[in-house]
Structures are given as structure tokens and as C-alpha cells.
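Summary of structural features
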Amino acid sequence: QLQLVESGGGLVQPGGSLRLSCSYSGETSRRYGIAWFRQVPGKDREGVSYTTSSGLTTNYADSVKGRFTISRDNAKNTVYLQMNSLKPEDTAVYSCAAALFIADGSHWSFPTEYDYWGQGTRVTVSS
């Protein structure tokens, strides 16, 4: 069992930056890959970024490449999403999710691969 809690969301102007945090607890000795997803009303949940348990491998949606950076500090049981050059279309509820094992790494953006989810934090990009 793993619990995840997101924080750091809020209102930011276009072009601004925000850093989200995903703190996890429970069976932290197990090795989890962790991803960030986002969702807006009427749209499917979108995989934003993913990192393996070591943090050595990362994946990004094309829409955020070059602007967002995922990182993790396993000693602090925390994963971060640094978001720069924010655009209005980045507005969404951002959730983190943990997967114990993903058999096919190309499926990192599939919500069904994840075992545990946080409740989400809202990000609004507006002038």
C-alpha cells in the first residue's frame, strides 16, 4: 500500500513557473515508478511525465517537453514536477500515481498501469 499527496498547485500567469510535489508514504521500501497526470473537464486523463524508481529514466508528453522536468528525492520520499513557461492549456488538475511494475515501458502514460493515486492539485494558468 502506498499513499500519495500532491501539493504546490495554484494560480500563475502565462510564462510563469510552478513546482509541484508528490509526497508518498506507506511501503516506501518497494520500488515504484511515479508519473504525473493531468485532467480537465470533458477530456481524457493525460500522462504528463514519468520517472523510474531510480530517477535515472524519465518520459514526457510531447506537449511539455522542454518546459517541464520531473525529478525525485528518494531519501525524502518525494517526486517533483518543475513546470516552466506555463501556458493556459496547462490548466488542469494534476495528480501523481505510482506503479510497482510496468511490463511494457511504452505504456507509462496509460492510467490503468498505476496502482495508487493521489487526490490531485489544481493548476490554473491565466492572466
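So, a few notes on the structure that sits alongside this text. (Residues numbered from 1 in each chain as written. Predicted model: local features only at pLDDT ≥ 70, side-chain atom pairs only at ≥ 80, totals over all residues. Heavy atoms only, no water.)

**Re the state of the cysteines**
Considering all chains together, one arrives at one disulfide under this definition. Between the sulfur of cysteine 22 and that of cysteine 96 lies a disulfide, 2.1 Å long from S to S. Taking the sign of the S-S torsion, 75 degrees for the link of cysteine 22 and cysteine 96, the bridge is right-handed. Remark: cysteine 96 occurs in strand 9 (residues 92–99) and cysteine 22 occurs in strand 3 (residues 18–26); sequence separation between them is 74 residues. Considered together, cysteine 22 and cysteine 96 belong to a single accessibility category, that of buried residues. (Disulfide = S-S within 2.5 Å. Helix = DSSP H or I, 4+ residues; strand = E, 2+ residues; numbered from the N terminus. Buried < 20%, exposed > 50% of the residue type's maximum accessible area, 1.4 Å probe, protein only.)

**Comments concerning the environment of tyrosine 50**
Tracing the backbone shows tyrosine 50 in strand 5 (residues 46–51). For the pair tyrosine 50 and valine 5, spaced 45 residues apart in the sequence, the C-alpha separation amounts to 16 Å. For tyrosine 50, the contacting residues outside a window of four places in its chain are Gly33, Ile34, Ala35, Thr57, Thr58, Asn59, Ile70, Ile102, Trp108 and Tyr114. (Contact = heavy atoms within 4.5 Å.)

**What about the sheet that holds strand 8 (residues 78–83)?**
With antiparallel pairing, four strands are arranged side by side in an open sheet as 1-3-8-7. Pairing within the sheet leaves two strands with one partner each, and these edge strands are strand 1 (2–7) and strand 7 (68–73). Each strand axis lies, on average, 15 degrees off the axis of its neighbour in the sheet, ignoring direction. Where strand 1 and strand 3 come together, six bridges link them in antiparallel fashion. In the sheet register, glutamine 3 faces strand 3, and the bridge partner there is serine 25. (Pairing = 2+ DSSP bridges. Axes fitted to C-alpha atoms, helices over the stretch in contact; angles between N-to-C directions.)

**Section: unusual backbone geometry**
A negative phi holds for most residues other than glycine; trans holds for most peptide bonds. The phi angle at asparagine 77 is positive, at roughly 55 degrees, despite the residue not being glycine. If you trace the backbone, asparagine 77 turns up in the loop between strand 7 and strand 8. Judged by its relative accessible area of 23%, asparagine 77 is partly exposed. Not every positive phi belongs to a glycine, and serine 85 is a case in point at roughly 50 degrees.

**As for the environment of glycine 47**
Here glycine 47 lies in strand 5. Each C-alpha atom of the pair glycine 47 and tryptophan 117 lies 13 Å from the other, and the pair is 70 residues apart in sequence. Setting aside its immediate chain neighbours within four residues, glycine 47 contacts Trp36, Phe37, Ala61, Trp108 and Ser109.

**Examining the pairing of strand 3**
Note: strand 3 against strand 8, six bridges, orientation antiparallel. Each residue of the ladder has a partner; that of serine 21, found in strand 8, is tyrosine 80.

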